[in-house]
Amino acid sequence: MKTKAGKMFVEIIDSRIFLILVLMGVSEAQLQVGFYSKTCPSAESTIRTVVRRAVAADAAAAARLLRLQFHDCFVEGCDASILIKHEPDERQAHGNQGVGGYEIIDEAKAELERACPGVVSCADIVALAARDAIVLTKGPPYEVPTGRRDGKVSSLELAANLPDVDDSINVLKTKFAGKGLSDKDLVLLSAEYRFTGAHTIGTTACFFITSRLYNFSGGGGGGGADPALSPELLRNLKAKCPFGGDVNVRVPLDWGSESLFDDHILRNVKTGFGVIASDAVLIGDIGTRKIINSYLTRVPTRRANFPADFAGAMVKMGSIGVKTGVEGEIRRVCSATN
Ligand code: HEM
């Protein structure tokens, strides 16, 4: 039988344990590198193997995986909500057209469920797969803090406000700022220089550029082609994407260098060779132009550290609105909530 003093002692201990648990909850609420090192030590290597296999089978898969993380993180945070399938879901949003790589994440998840059931979130698989895809295209390796949990909601409406190719530079900046990302992150993550910048790899459907080629209304223009396009690129793009032609035909985002992370995209943007309008507008704005130039300067001592900055921006993007601790869930399959 407990005495009154004994009972009080237990209560004090209980409240201390509670306090410790709360504090632990707070620290657990942060992402951390190696989150699965004890609970699923093979998590990162399994994902890497699946990504390598997918990219070996289809080189375009690397760009799809990188784009997938952006589209996941910008809607409801990095919680793999874009992978949930129901009618209507995020995938069907206008801005999510052409997003892919879902089946690669599903495959990694299935392998991880066999090795460590119920442990690794789909949201972390998306973030790790993007990093592995970047490395496979000769981008910078970086550590990905993990511990994200999966969201339970996928909604078409919530995906309505994604950054759009036809957004002005100010709207792009505002949409990035709304996610805690700076103008520098905008430049780094979309059109970038050496080893990095998401649009240095991959392709776009003609769908996203036809208005730029035939009916441009941005920047005060009224119809016709975007005057920011170099005449040479305009000719090439019109040949690939003729007026009234198949809008599903794909053209490189980084004209002439779409399968490697390299310094092409920034130079392209600078010389009117940015294929999609949202990349092209980065050079028209004084602030973003300065950021672009900081990576292009010929003086090595003045040149900003591009690979490190890009990796930092990816980690920052990967922490947008993450669910941790007791929030969300660990989905059993990525395409459905539990
Ligand atoms: C600034 C806002 C952005 C806009 C308006 C934008 C728009 C687009 C568009 C229209 C495409 C072509 C899609 C298609 O036809 O399938 C595309 C492709 C791509 N985007 Fe972005 N994007 C933006 C930012 C980003 C960011 C932040 C990332 C990743 C960090 C990213 C990664 C990619 C990649 C890798 C591709 C190539 C996909 C492929 O080849 O399948 N984009 N983007």
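What you are looking at is a predicted structure, and each value in this text was computed from that prediction instead of being measured. (Residues numbered from 1 in each chain as written. Predicted model: local features only at pLDDT ≥ 70, side-chain atom pairs only at ≥ 80, totals over all residues. Heavy atoms only, no water.)

Caption draft 1: Just the packing of aromatic side chains, in detail. One pass over the structure, following the stated rule, counts six aromatic pairs. Considering the side-chain rings of Phe207 and Phe208, the 5.0 Å spacing of their centres and the 85 degrees angle between planes classify their relative orientation as edge-to-face. Three or more aromatic residues link up through ring pairs in this structure, and these residues are Phe70, Phe74 and Phe176. The lysine or arginine in question, Arg91, covers the ring of Tyr102, its NZ or CZ lying 3.7 Å from the ring centre. (Phe/Tyr/Trp six-rings, centres within 6.5 Å; stacked < 30°, edge-to-face > 60°. Lys NZ or Arg CZ within 6 Å of the ring centre and 35° of its normal.)

Caption draft 2: Representation of helix H2 (residues 43-57) in the model. Compared with an ideal rise of 1.5 Å per residue, which puts 15 residues at 21 Å, H2 spans 22 Å between its outermost C-alpha atoms and is within 8% of the ideal. Of the residues making up H2, those classed as buried are Ala43, Glu44, Thr46, Ile47, Val50, Val51, Ala54 and Val55. When H2 is viewed along its axis, its buried side chains cluster within an angular range of 160 degrees and face the same direction. With respect to the buried face of H2, the exposed residues turned more than 90 degrees away are Ala56 and Ala57. Against the buried residues of H2 lie helix H3 (61-73), helix H4 (102-115) and helix H5 (122-136). (Helix = DSSP H or I, 4+ residues; strand = E, 2+ residues; numbered from the N terminus. Expected span 1.5 Å × (residues − 1). Buried < 20%, exposed > 50% of the residue type's maximum accessible area, 1.4 Å probe, protein only. Arc of directions from axis to C-beta. Contact = heavy atoms within 4.5 Å.)

Caption draft 3: The packing of H3 against H4, seen in detail. For the pair H3 and H4, the least separation of the axes is 9 Å and the interaxial angle reads 85 degrees. Overall, the two elements H3 and H4 adopt an arrangement that is roughly perpendicular. Where H3 abuts H4, its residues Ala61, Leu65 and Leu68 lie against Tyr102, Ile104 and Ile105. In terms of residue class, the contact of H3 with H4 is built from six nonpolar, no polar and no charged. (Axes fitted to C-alpha atoms, helices over the stretch in contact; angles between N-to-C directions. Parallel < 35°, antiparallel > 145°, perpendicular 65-115°, else oblique. Nonpolar A, V, L, I, M, F, W, Y, C, P; charged D, E, K, R; others polar.)

Caption draft 4: Expanded view of helix H9 (residues 231-240). For H9, every residue scored as buried is listed here: Leu233, Leu234 and Leu237. End-on, the buried residues of H9 take up no more than an arc of 100 degrees, which puts them together on one face. Exposed and facing more than 90 degrees away from the buried side of H9 are Pro231, Arg235 and Ala239. Buried-residue contacts for H9 involve helix H8 (210-214) and strand E2 (250-252).

Caption draft 5: Region of interest: the site of the ligand. Around the ligand sit 28 residues in total, of which His199, Gly202, Thr203, Ala205 and Arg250 are the nearest. In the model, an oxygen atom of the ligand is placed 2.6 Å from a nitrogen or oxygen of the Ala205 main chain. Among the elements that make up the shell around the ligand, the one with the highest residue count is H3 (five residues). For the shell around the ligand, the residue count by class is 17 nonpolar, seven polar and four charged. Looking at the shell around the ligand, you find at least three residues from each of domain 1 (43-159) and domain 2 (169-314). (Near = heavy atom within 4 Å. Polar contact = N/O pair within 3.5 Å; in protein donor to acceptor, adjacent residues only side chain to side chain. Domains from an automatic or database assignment.)

Caption draft 6: Quick peek at the packing of H3 against H5. Contact geometry of H3 with H5 gives a least axis separation of 8 Å together with a crossing angle of 140 degrees. The crossing of H3 and H5 is left-handed. Taking contact as the criterion, the partners of Ala62, Leu65, Leu66, Leu68, Gln69 and Asp72 in H3 are, on H5, Val126, Ala127, Ala129, Ala130, Ala133 and Ile134. Of the residues assigned to the contact of H3 with H5, the class counts are 10 nonpolar, one polar and one charged. (Left-handed = near helix turned anticlockwise from the far one by under 90°.)

Caption draft 7: Here's a closer look at the state of the cysteines. Applying the stated criterion across every chain, the model contains four disulfides. With a sulfur-sulfur separation of 2.2 Å, Cys73 is cross-linked through a disulfide to Cys78. The sign of the S-S torsion, about 120 degrees, decides the handedness of the disulfide formed by Cys73 and Cys78: right-handed. A relative accessible area of 1% places Cys73 in the buried class. By relative accessible area, which is 1% here, Cys78 ends up buried. Across the disulfide, Cys122 is cross-linked to Cys334 (sulfur-sulfur distance 2.2 Å). (Disulfide = S-S within 2.5 Å.)

Caption draft 8: Broad picture of the environment of Lys152. Take Lys152: it is sitting in the loop between H5 and helix H6 (169-177). Classification of Lys152 as exposed rests on a relative accessible area of 53%. With sequence-adjacent residues up to four places away left out, Lys152 is seen in contact with Ile84, Gly328, Glu329 and Thr337.

Caption draft 9: Layout of the side chain of Glu329. Inspection of the secondary structure puts Glu329 in the segment after helix H13 (306-317). Despite its burial, Glu329 pairs with no opposite charge; the closest candidate is Arg331, at 4.4 Å N-O. When residues no more than four places from it in sequence are discounted, the contact partners of Glu329 are Arg149, Asp150, Gly151, Lys152, Thr337 and Asn338. (Lys, Arg positive; Asp, Glu negative; His and termini not counted. Salt bridge = Lys/Arg side-chain N within 4 Å of Asp/Glu carboxyl O.)

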